[in-house]
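Topology and contacts: notes
Listed below, chain by chain, are the residues.
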Amino acid sequence: MNAVTNPPKLHDCRDAFVAMLERLGAENPRVVAVCNDSVGSSKLGGFKARWPERLVNVGIAEQNMVGVGAGLANGGLLPFVCAASCFLTGRSLEQVKADIAYSNANVKLVGISSGMAYGELGPTHHSIEDFAWTRVLPNLPVIAPCDSVETAAAVEWAAGFEGPVFLRLSRVGVPDLLPAGHKFVPGKANLLRNGDDVTLIANGTLTHRMMKAADLLAAEGIEARVLNMATVRPIDTEAIIAAVRDTGAILTAEEHSVYGGLGSAIAEVVVAEAPAPMKILGVPGIFAPTGSAEFLLDEFGMSPAAVAQAAKDLIARKPGRAPTP
Amino acid sequence: MQPNDLERIARQIRRRDLQAVFEAGAGHIGGEMSCIDILTALYFRVLRISPDAPKDPGRDRFILSKGHVALALYITLAKRGFLPEDEISTFLKPMSRLNGHPNCNKVAGVETNTGPLGHGLPVAVGMAKAARITGATYHTYVMTGDGEMQEGSNWEAISSAAQFGLNNLTLIIDHNRFQQGAALKETNDLAPFAPKLAAFGWDVTEIDGNDMPQIVPALEKRTARPHAIIAHTNKGHGISFMQDTVDWHHKVPNAEQYKIALAELSEAL
């Protein structure tokens, strides 16, 4: 009879977000929430019940929502503008650029249900372009936490930071990975596992798949370094250069198009500062077929086994290695 | 300050604007001339602001949503003491903080960065809503172009301002009847604006937007609901050959035209 192990408890990072938002709201009356008829999907019901006058629901009007957020900040408030990430970034990108980033408005943009989270709802609701769209904007830190611990820590940091922030959250359940009490440091990757054969870098839900892939690799005697790189901008240049120096190859994975996201940001550093074999896993530049988030991530070569295989292929490309037959 | 004094200041601003467009070889002179009377009334009579405390939390807010007429705003702000008047000569020059659209992080008195159209009104709704939440007593003003009202984001904001009951918000539409490429009525004619704003639940006042005795009371009027002023203006107002012609949206006068225009504006001084 096989031993029964309890599966780890899964957390929806939105719960950590609103719990921290309500804590901040209780401490600071300037904290307000702005949304686009997304009280339910942004889980703002509790905030609304406690402070109905501080919940600004503009209805289904994302351009107005982001502009209103900038105006609220100008009026001395600390707005968290919450909406499905696909609409928050896609529909109101020019407002994010001009009203928030260029104006340097103290607004926290919270993209909910990002990446492939809306799975079966299809490509209109997938937010796999948002890193690319937002990370080109000056003044706008772009952050995708990997679990509820990091989500709470990043929200707390964002509230204390004077300036715009884009937080990209998921709704897919994930276990806690970072230790309780973890302090979020923007622009700094977390070393989750050390190794010297290859470095696996991810953020958001993909960090968990990287950890599982590292377990599979370890079983074959391959030691992978795993970095959780929540901040896509500013990218952690130091950690990338160190990864190349110590491990000689970098494999990235993300709930995003392979074009323009975390992998691209890392590749920009690798090309300029530390050339080395590298591979970027993600949505391969197509509109996804029907399927759940988990199904699609597997489909696009990001199951732990596929990630492990990609890592082995990459290791074979390291200088001085014989090519794989 | 009385209407006579405001008219004199507006003429000085027009002259400086003409000179700056001529010297810089660029600008949006038609739409600048149409709204300078309103800017003058705002900055020299209506707005509770101080160049010594441009970030005072209780200040009135003004957003120039038609950011392409930044030059008119710069000159007005300079005349009101927010930046040195001689800095206007740097307009559009390399490294000048006075580029073609206003920047709130570089120029005191500018509240938010505008340029792309349809941005100012949503931000103004947020400012007015903030005052409602915090209990602040400032009033928020925003000026859009009439062609700019073709941007859908404005109507999202108009609807939400009514929903929020923002009687601390005044929208001024600079209705000069022309946009960049043609007359509004040949492009996408939203006029008449008044019944549309009224249907959205706003109080509406229609004025001659180049007539100071009408401008001041309209700006000072307080209403139970959000207030829209439809300011009927003339593109290129004050310069006979520019007036009401689409060509002068962003054309630059040649030396001879400059001389004539300067003479016309000086005559009125």
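Since the model is a prediction, treat every value here as computed from it, not as a measurement. (Residues numbered from 1 in each chain as written. Chains lettered and ligands numbered in written order. Predicted model: local features only at pLDDT ≥ 70, side-chain atom pairs only at ≥ 80, totals over all residues. Heavy atoms only, no water.)

Take the overall build of chain B next. Within chain B, the secondary structure is distributed over eight helices and five strands. From first element to last, N terminus to C terminus, chain B shows the α and β order α-α-β-α-α-β-α-β-α-β-α-β-α. Here the C-alpha coordinates of chain B stretch approximately 50 × 45 × 35 Å along the principal axes. Of all 269 residues assigned to chain B, the portion counted as buried reaches 57%. Long-range pairs, those at least 24 residues apart, make up 73% of the contacts in chain B between residues at least 6 apart in sequence. A total of about 10000 Å² of accessible surface is found on chain B, and carbon and sulfur atoms cover 50% of it. Of the side chains in chain B, 27 bear a positive and 30 a negative charge, and the two mean positions are spaced by 4 Å. (Helix = DSSP H or I, 4+ residues; strand = E, 2+ residues; numbered from the N terminus. Buried < 20%, exposed > 50% of the residue type's maximum accessible area, 1.4 Å probe, protein only. Contact = heavy atoms within 4.5 Å. Areas by Shrake-Rupley, 256 points an atom, 1.4 Å probe, with all protein chains shown as cover. Lys, Arg positive; Asp, Glu negative; His and termini not counted. Charge placed at Lys NZ, Arg CZ, Asp CG, Glu CD.)

Now for the side chain of B:His249. Residue and element names in this part refer to chain B. Along the chain, His249 falls in the loop between β5 (227–232) and α8 (255–267). Judged by its relative accessible area of 8%, His249 is buried. At 2.8 Å, the side chain of His249 forms a polar contact with the side chain of Lys235. Each residue touching His249, except ones within four places of it in the same chain, is listed here: Gly27, His28, Ile29, Gly30, His68, Gln179, Gln180 and Lys235. (Polar contact = N/O pair within 3.5 Å; in protein donor to acceptor, adjacent residues only side chain to side chain.)

Taken together, the 28 residues of chain B in the interface contact 25 residues of chain A. Approximately 2000 Å² of surface area, both sides summed, lies buried where chain B meets chain A, with 54% of it carried by carbon and sulfur atoms. Applying the counting criterion to the chain B and chain A interface returns zero salt bridges. Where chain B touches chain A, the interface holds 13 residue pairs in polar contact (both at pLDDT 80 or more). Taken together, the residues that form the side of chain B that touches chain A break down as twelve nonpolar, eleven polar and five charged. (Buried area = accessible area lost by both parts, 1.4 Å probe. Salt bridge = Lys/Arg side-chain N within 4 Å of Asp/Glu carboxyl O. Nonpolar A, V, L, I, M, F, W, Y, C, P; charged D, E, K, R; others polar.)

How big an interface is tends to be stated in terms of the accessible area lost upon association of its parts. Residues and elements named next belong to chain A. Here chain A is described as being made up of domain 1 (13–168) and domain 2 (190–316). For domain 1 and domain 2, the distance between their C-alpha centroids amounts to 26 Å. With 28 residues of domain 1 at the contact, the number on the domain 2 side is 32 residues. Together, the buried faces of domain 1 and domain 2 total about 2100 Å²; carbon and sulfur atoms form 57% of this surface. The largest share of the area that domain 1 buries against domain 2 comes from Met116, Ile128 and Arg135, three residues that together contribute 33% of it. At the boundary of domain 1 with domain 2, the tally comes to one salt bridge. Residue Glu268 pairs with Arg135 through a salt bridge whose shortest N-O separation is 2.7 Å. The tally of links from domain 1 across to domain 2 stands at 17 residue pairs in polar contact (both at pLDDT 80 or more). Looking at the side of domain 1 that touches domain 2, the elements with two or more residues in it are α6 (130–135) and β5 (142–143). If one sorts the elements of the side of domain 1 that touches domain 2 by residue count, α6 sits on top with four residues. Along the lines of polarity and charge, the residues of the side of domain 1 that touches domain 2 split into 16 nonpolar, five polar and seven charged. (Domains from an automatic or database assignment.)

Attention now moves to the nonpolar core. Membership of the largest hydrophobic core comes to 75 residues, with the highest contact counts inside it found for A:Met229 and A:Ile266. The element that contributes the greatest number of residues to this core is helix α4 (residues 120–134) of chain B, accounting for eight residues. Each of domain 1 (13–168) and domain 2 (190–316) of chain A accounts for three or more of the residues forming this core. The contacts of A:Met229, once residues within four sequence positions are left out, are A:Ala189, A:Ile201, A:Ala202, A:Asn203, A:Ile235, A:Asp236, A:Ala239, A:Ile240, A:Leu262 and A:Ile266. Core analysis: the second largest hydrophobic core is formed by 56 residues, B:Ile13, B:Leu64, B:Met212 and B:Ile239 among them. (Core = buried A, V, L, I, M, F, W, Y, C linked by side-chain atoms within 4.5 Å.)

Moving on, we get to helix α11 (residues 293–302) of chain A. Residue and element names in this part refer to chain A. Residues of α11 that are buried: Ala293, Leu296, Leu297, Phe300 and Met302. The buried residues of α11 all sit within an arc of 110° when viewed along its axis, so they share a single face. Considering only its buried residues, α11 is in contact with α8 (206–219), β11 (250–257), β12 (278–283) and α12 (304–316). (Arc of directions from axis to C-beta.)

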